[in-house]
Amino acid sequence: MDWLMPFVERAGRQALALISTPETYTQFGIILGAIMIAWLVAAALSGRIHAAHGRTQPEAERAIIRFLDSIRSLFFPAFAIVALSAATSFSETLAADNTIVKGAQGLAIIALLYRIANRFLQSPILISVLKWVGIPIAALYAFDVLDDVIAALDSAAVEIGNIRFSAYGVVRTLLFGVILFWLGRASNRTGKRVIRAQQAFDIGTQEVLAKLLEIFIYVAIFLVLINIMGLDLTALAVFGGALGVGLGFGLQQIAANFISGLIILLDRSVTVGDYIELEDGRAGTLRELTMRSATLETFEGKDIMVPNEKFITTSFVNWTHNNQKQRYSLTFQVAYATDLEKLFDIVRDIVVSHPQVLSGDDLPLAERPDAEIKSFDDSGITILVEFWMNGIDDGDNRVGADLNMMIWTALKTHGIQIPFPQREIRILGEEAGV
């Protein structure tokens, strides 16, 4: 342990010299003042958010209040970082030194990152990045050795023409890339929630604005990352052109789906909430439109991912885009001996009695419930029943199934026979006495 004593003695002398100077106590006072200011600001903002919960507000403001309330625990460390950043310059002017203030700012950054990693992140990758990369960087900053580490990493570089790649640039790009894309996704979700809460816009306009917001956020992230990487766009022009041609062939489907998504949103041929039936018979309610595909949710709880290009290049049926009212029909057979006039009155009364069937004298004659003869078949008379309703006859609105049950019960009650195929076999040999 003799080799360790010189280091301990030197550290002790430096600590003694540090605490014996008035500049040290000045820095501690500046730190205390900055922390008090940060605490007061965080407490005031938290109080305003808490008071806002009791007031009636538009949905957009409620979404913002909920978001701010969810991150309220980050207010104090975040404001402490800002206040200590301002205090660094103030300490340099007042005490001719800011080492301790920078150390306190580094500790505040560590506290903020640790709280984010433990309370707000669910992705194991993001948690690992913050704990094993972000917090060590903040610790290096707190002990005022971050500049030396950056210089060492920056010296490990490779130059290809006018482009320079360094270890520091790679680490910086990866770190900021993960953080920026996480912030981008969180901002995108919050922004879409606020836009879709605006009742002044129809659904189509809301989706267009949400899509444009998503494009703007990710383009901004890309430009920021290019700036962080320190790449010269002029030097990359030729390489980017060649790469663009290659990607144009390889990613043309992705580009086609992206452009198709914008066309769909702008011409409003498809909007969220529409019930859509594809050419191959698959159908579902449109729940989400993304940059690449649309999601149709079936009544069986399945999600159908449909590339946006399909809505441009193929035909499809949009059941509810312009009119929620739909006409449906069902058929059944009765015996030839049935009193059809009586049957029609019974069936019409049954259909009208269903609460989801549209009926009444205010409706056009073609939209009122009706029963009529469809055809004369081998075993009986086929009766056609037609009715209109709002929505799709499936899922929660299984009106057809209800009417079938009600009609069967009524026929049984009134003694009306539902025929079944019968065949009469005659043996000619026996009749001829053979």
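Residues numbered from 1 in each chain as written. Predicted model: local features only at pLDDT ≥ 70, side-chain atom pairs only at ≥ 80, totals over all residues. Heavy atoms only, no water.

Q: Can you walk me through the overall build of the protein in this structure?
A: Of the regular secondary structure elements, the protein holds 15 helices and 10 strands. Scored against the burial criterion, the 434 residues of the protein give a buried share of 33%. Taking the contacts inside the protein whose residues are at least 6 apart along the sequence as the reference set, 63% of them involve residues at least 24 apart. About 26,800 Å² of surface is accessible on the protein, with carbon and sulfur atoms providing 62% of the total. (Helix = DSSP H or I, 4+ residues; strand = E, 2+ residues; numbered from the N terminus. Buried < 20%, exposed > 50% of the residue type's maximum accessible area, 1.4 Å probe, protein only. Contact = heavy atoms within 4.5 Å. Areas by Shrake-Rupley, 256 points an atom, 1.4 Å probe, with all protein chains shown as cover.)

Q: When you look at the pattern of salt bridges in this model, what are you seeing that I'm missing?
A: When their charged atoms lie close together, side chains carrying opposite charge are able to pair. This structure, assessed with the given rule, holds seven salt bridges. Between Arg327 and Glu386 there is a salt bridge, and its shortest N-O distance comes to 4.0 Å. On the criterion of sequence distance, the pair formed by Arg327 in strand 8 (residues 325-334) and Glu386 in strand 10 (residues 381-390) is long-range, its members being 59 residues apart. For the salt bridge of Arg398 with Asp394, the shortest nitrogen-to-oxygen distance reads 3.0 Å. A residue is classified by how much of its surface remains accessible, and Arg398, at 46% relative accessible area, is partly exposed. Counted as one network, the salt bridges with shared partners bring together Asp345, Arg348 and Asp370. (Salt bridge = Lys/Arg side-chain N within 4 Å of Asp/Glu carboxyl O.)

Q: I keep staring at a nonpolar patch on the surface and nothing clicks. Help me out?
A: The grouping of Leu32, Ile35, Met36, Trp39, Leu40 and Phe76 at the surface amounts to a nonpolar patch, some 580 Å² of accessible area in total. Of the residues forming the nonpolar patch, the biggest block, five residues, is contributed by helix 2 (residues 22-52). (Patch = residues over 30% accessible without salt bridge, like charges linked within 9 Å, V, L, I, M, F, W, Y side chains within 5 Å.)

Q: I keep staring at the sheet that holds strand 9 (residues 370-376) and nothing clicks. Help me out?
A: Strand pairing in a sheet relies on backbone hydrogen bonds. The paired strands run either parallel or antiparallel. Spatially, 8-10-9 is the arrangement adopted by the three strands of the open sheet, whose pairing is antiparallel. Only two strands of the sheet have a single neighbouring strand rather than two, namely strand 8 and strand 9. The sheet shows a mean angle of 30° between the axes of neighbouring strands, taken without regard to direction. Relative to strand 10, strand 9 runs antiparallel, the two sharing six bridges. Considered in strand 10, the bridge of Glu372 is made with Leu384. (Pairing = 2+ DSSP bridges. Axes fitted to C-alpha atoms, helices over the stretch in contact; angles between N-to-C directions.)

Q: Explanation requested: the packing of helix 2 against helix 5 (residues 99-119) in the structure shown.
A: Closest axis-to-axis distance for the helix 2/helix 5 pair is 8 Å, and the angle between their directions is 35°. Our pair here, helix 2 against helix 5, has a crossing hand that is right-handed. Here helix 2 contributes Thr24, Gln27, Phe28 and Ile31 to the contact with helix 5, which in turn contributes Thr99, Ile100, Val101 and Ala104. Taken together, the residues of the contact of helix 2 with helix 5 break down into five nonpolar, three polar and no charged. (Left-handed = near helix turned anticlockwise from the far one by under 90°. Nonpolar A, V, L, I, M, F, W, Y, C, P; charged D, E, K, R; others polar.)

Q: Looking at this structure, how should I read the pairing of strand 10?
A: Here is the key point about a regular strand: its side chains alternate between the two faces of the sheet. Burial analysis of strand 10 places eight of its 10 residues in the buried class, the great majority of the element. Bridge analysis of strand 8 against strand 10 gives 10 bridges, and the strand direction is antiparallel. Residue pairing across strands places Arg327 opposite Trp388, the latter belonging to strand 10. Between strand 9 and the antiparallel strand that follows it, strand 10, lie four residues.

Q: How should I be thinking about the sheet that holds strand 3 (residues 275-277) in this particular structure?
A: The strand order 6-5-4-3-7 describes an open sheet built from five strands, whose pairing is antiparallel. A strand with exactly one partner marks an edge of an open sheet, and here the two such strands are strand 6 (303-307) and strand 7 (317-318). Where strand 3 meets strand 7, two bridges bridge the pair, whose relative direction is antiparallel. When the sheet's bridge partners are listed, Glu277 is paired in strand 7 with Val317.

Q: I keep staring at the nonpolar core and nothing clicks. Help me out?
A: Most often, soluble globular proteins have nonpolar side chains that are buried together. Counting 27 residues, the largest nonpolar core has Phe332, Leu343, Ile383, Val385 and Phe387 as the members making the most contacts within it. Listed by contribution, the elements that provide at least two residues to this core are strand 8, helix 13 (340-353), strand 10 and helix 14 (399-413). Looking at which element gives the most residues to this core, the answer is helix 13, with seven residues. Listed in part, the 16 residues of the second largest apolar core include Ile31, Ile81, Ala83 and Ile100. (Core = buried A, V, L, I, M, F, W, Y, C linked by side-chain atoms within 4.5 Å.)

Q: Whenever I open this one, the environment of Leu212 confuses me. Can you help?
A: One can find Leu212 in helix 9 (residues 203-229). Its relative accessible area of 47% is what places Leu212 among the partly exposed residues. Counting along the chain gives 50 residues from Leu212 to Leu262, while the straight-line C-alpha distance between them is 8.9 Å.

Q: What is the right way to read the pairing of strand 4 (residues 283-289) from this model?
A: Of all seven residues that make up strand 4, five are buried, and the element is covered over most of its length. When strand 3 meets strand 4, the two strands line up antiparallel, connected through three bridges. Residue pairing in the sheet places Glu277 in a bridge with Ala283 of strand 4. In the sheet, strand 4 pairs with strand 5 (residues 293-297) via four bridges, with the strands oriented antiparallel. The residue bridging Glu288 from the neighbouring strand is Thr295, located in strand 5. Here strand 4 folds back onto strand 5 in antiparallel fashion, the turn holding three residues.

Q: Any chance you could explain the side chain of Ser260 here in plain terms?
A: Relative to the elements of secondary structure, Ser260 occurs in helix 11 (residues 252-267). Ser260 sits in the buried class, given a relative accessible area of 6%. With residues near it in sequence (within four places) discarded, Ser260 still touches Asn308, Glu309 and Ile312.

Q: What exactly am I supposed to notice about helix 13 here?
A: An α-helical segment advances 3.6 residues per turn. Residues three or four places apart therefore align on the same side. With 14 residues, helix 13 should cover 20 Å at 1.5 Å per step; its first-to-last C-alpha distance of 20 Å lies within 8% of that length. Looking at helix 13, one finds that the buried residues are Leu340, Leu343, Phe344, Ile346, Val347, Ile350 and Val351. For helix 13, the angular spread of buried residues about the axis comes to 165°, placing them on one side. Away from its buried face, by an angle of more than 90 degrees, helix 13 presents the exposed residues Glu341 and Asp349. (Expected span 1.5 Å × (residues − 1). Arc of directions from axis to C-beta.)

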